[in-house]
Each structure stands twice: as structure tokens, then as C-alpha cells.
Amino acid sequence: MKELKIESTIYVFDDLDELPKDIVMLMNKAIEAREKAYAPYSKFHVGAALLLDNNQIITGSNQENASYPSGLCAERTAIYYANSQYPNNKIVRMAITAASKNNKTASPIPPCGACRQAIAEYEVKQEAPIEIYFMGEIGKVAKSNSLSDLLPLIFDKSVL
Ligand code: THU
């Protein structure tokens, strides 16, 4: 038997103003996207903004459905659109923000497992890490340098 230890590093900033201007700008795009979320069922509004290596910014918000599983998270709405429109461009970074209509989210809210798997696909495809910044509505902002820090032991094409 051998023990395998997995280490991840996440950086936590006290608030958005601690971050460089271009990151604040990307997070502001995610906030704008969040405000367009269609989340009448959960009242949990999520926005995501992606920066591509051609300087395009792609945004997405969660889109819910009366048939609940037919809805889609903000991160996947954005990343699938990005790869549909710009299949040859790399994703440099992603900013994510989540706000609930029921209470003010004040701590960083990481992407769900399904979104991490979707982001992992593109990180593998582009052979370059995707930086991920995530926050609630207010307060601290967390950053991972790569999706692999949020999802160790990914399932990817190498096993197929
Ligand atoms: N949601 C996202 O958009 N991203 C996540 O990473 C987690 C959850 C959405 C899905 C659903 O519309 C609502 O938040 C509540 O789960």
C-alpha cells in the first residue's frame, strides 16, 4: 500500500479591490452576466466571464428550466459558447460570481463538480491552465491557478 497525498493551492483575497484592474474588469463582466441569470426556481444567480487569448470576453449565466435537470450552470453556458464560437482560441482565465435572492453570499462559491469536469475538458484540450477566480456577491475572492487545483484526479480522454 502506498499513500498518495494530493495538494492544491487556492489564493484568497480579502476583496475584489485587492486584485489587478484586468481581473476586476473580468469579474465585473461576470457580475453583469449574473444579473441576466434566469433562475426563477433556485433564486441563485450565477455569472461567469471568460477571457480568451484573442482578448475576447465571453459571458454566461445560469439558465433554469421548469424541468429542473434541463437547466444549465453559468460556467458551462459560457464555456460551451466560447468553444463553439472560438474553437481555436485558448481560455486564459475565468471569473465566477454567485448571488442568492434569499441571502447575501459573502464567501467564495466554487464551481460545481459538473462544471469543473467541463472546464477540465478544455484545460486538457488547450494544453494550458485556466486561472479561475470565484466569489459570492460580496467579500473574499478565491483564485486557483488551474482547474486541476479544484479537481484533482480528473477523468479525461487519456483513459478512453
Ligand atoms: N449553478 C451554477 O450556475 N453554477 C454552479 O457552479 C453551481 C450552480 C446554478 C445552477 C442552478 O441554476 C442554481 O445555480 C442552483 O443550483
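Computed from a prediction, not measured in an experiment: that's the story for all the values here.

Engineer: So what about the packing of aromatic side chains? Which residues, and what values?
Structural biologist: On inspection of all chains with the given rule, the structure shows two aromatic pairs. Measuring from centroid to centroid gives 5.5 Å for Tyr 41 and Tyr 68, while their planes differ by 40°, and the two rings are tilted. Pair noted here: Tyr 41 is in the loop between α1 (21-34) and β2 (44-52) and Tyr 68 is in the loop between β3 (57-61) and α2 (74-85), with a separation of 27 residues, a long-range link. Here Tyr 68 falls in the exposed class, since its relative accessible area comes to 60%.

Engineer: Before we move on, can you summarise the environment of Ser 148 with the specific residues and values?
Structural biologist: Structurally, Ser 148 is set in the segment after β6 (141-144). For Ser 148, a relative accessible area of 37% puts it in the partly exposed group. Separated by 29 residues in the primary sequence, Ser 148 and Ile 119 have C-alpha atoms spaced 9.4 Å apart. Setting aside residues no more than four positions away along its own chain, Ser 148 makes contact with Ser 8 and Glu 123.

Engineer: Go over a nonpolar patch on the surface, please, and point to the residues and values.
Structural biologist: A grouping of Tyr 38, Tyr 41 and Tyr 68 is seen on the molecular surface, where their side chains present a nonpolar patch of about 380 Å² in accessible area. By relative accessible area, Tyr 41 is classed as partly exposed at 40%.

Engineer: How would you sum up the packing of α2 against helix α3 (residues 113-126)? Please name residues and give values.
Structural biologist: Remark: α2 packs on α3, axes separated minimally by 9 Å, with the N-to-C direction vectors making an angle of 25°. Here α2 lies roughly parallel to α3, going by the angle between them. Crossing handedness for the pair α2 and α3: left-handed. In this structure, α2 uses Glu 75, Arg 76, Ile 79, Tyr 80 and Asn 83 to contact α3, whose residues at the interface are Ala 114, Cys 115, Ala 118, Ile 119, Tyr 122 and Lys 125. Here the residues of the contact of α2 with α3 sort into seven nonpolar, one polar and three charged.

Engineer: Talk me through the site of the ligand; I want residue IDs and the actual numbers.
Structural biologist: As a matter of local geometry, the ligand sits amid Ser 42, Phe 44, Val 46, Asn 62, Glu 64, Cys 73, Ala 74, Glu 75, Pro 111 and Cys 112. One of the side-chain nitrogen or oxygen atoms of Glu 64 is found 2.5 Å away from an oxygen atom of the ligand. Side-chain polar atom of Glu 75 to a nitrogen atom of the ligand: 2.8 Å apart, as the coordinates give it. Protein burial of the ligand: of its 380 Å² of free accessible surface, 75% is covered by the chains. Most atoms of the ligand, that is more than half of them, are within 2 Å of grid points of the largest pocket. Elements represented by at least two residues in the shell around the ligand include exactly β2 and α2. Residues belonging to the shell around the ligand are distributed by class as follows: six nonpolar, two polar and two charged.

Rules used in this analysis
- Residues numbered from 1 in each chain as written.
- Predicted model: local features only at pLDDT ≥ 70, side-chain atom pairs only at ≥ 80, totals over all residues.
- Heavy atoms only, no water.
- Phe/Tyr/Trp six-rings, centres within 6.5 Å; stacked < 30°, edge-to-face > 60°.
- Helix = DSSP H or I, 4+ residues; strand = E, 2+ residues; numbered from the N terminus.
- Buried < 20%, exposed > 50% of the residue type's maximum accessible area, 1.4 Å probe, protein only.
- Contact = heavy atoms within 4.5 Å.
- Patch = residues over 30% accessible without salt bridge, like charges linked within 9 Å, V, L, I, M, F, W, Y side chains within 5 Å.
- Areas by Shrake-Rupley, 256 points an atom, 1.4 Å probe, with all protein chains shown as cover.
- Salt bridge = Lys/Arg side-chain N within 4 Å of Asp/Glu carboxyl O.
- Axes fitted to C-alpha atoms, helices over the stretch in contact; angles between N-to-C directions.
- Parallel < 35°, antiparallel > 145°, perpendicular 65-115°, else oblique.
- Left-handed = near helix turned anticlockwise from the far one by under 90°.
- Nonpolar A, V, L, I, M, F, W, Y, C, P; charged D, E, K, R; others polar.
- Near = heavy atom within 4 Å.
- Polar contact = N/O pair within 3.5 Å; in protein donor to acceptor, adjacent residues only side chain to side chain.
- 1 Å grid on protein atoms, 1.4 Å probe; cavity = no way out; pocket = protein on both sides within 12 Å on 5 of 7 lines; lining within 4 Å.
- Sits in = over half its atoms within 2 Å of the grid points.

Everything listed is a geometric property; what it means functionally is a separate question.
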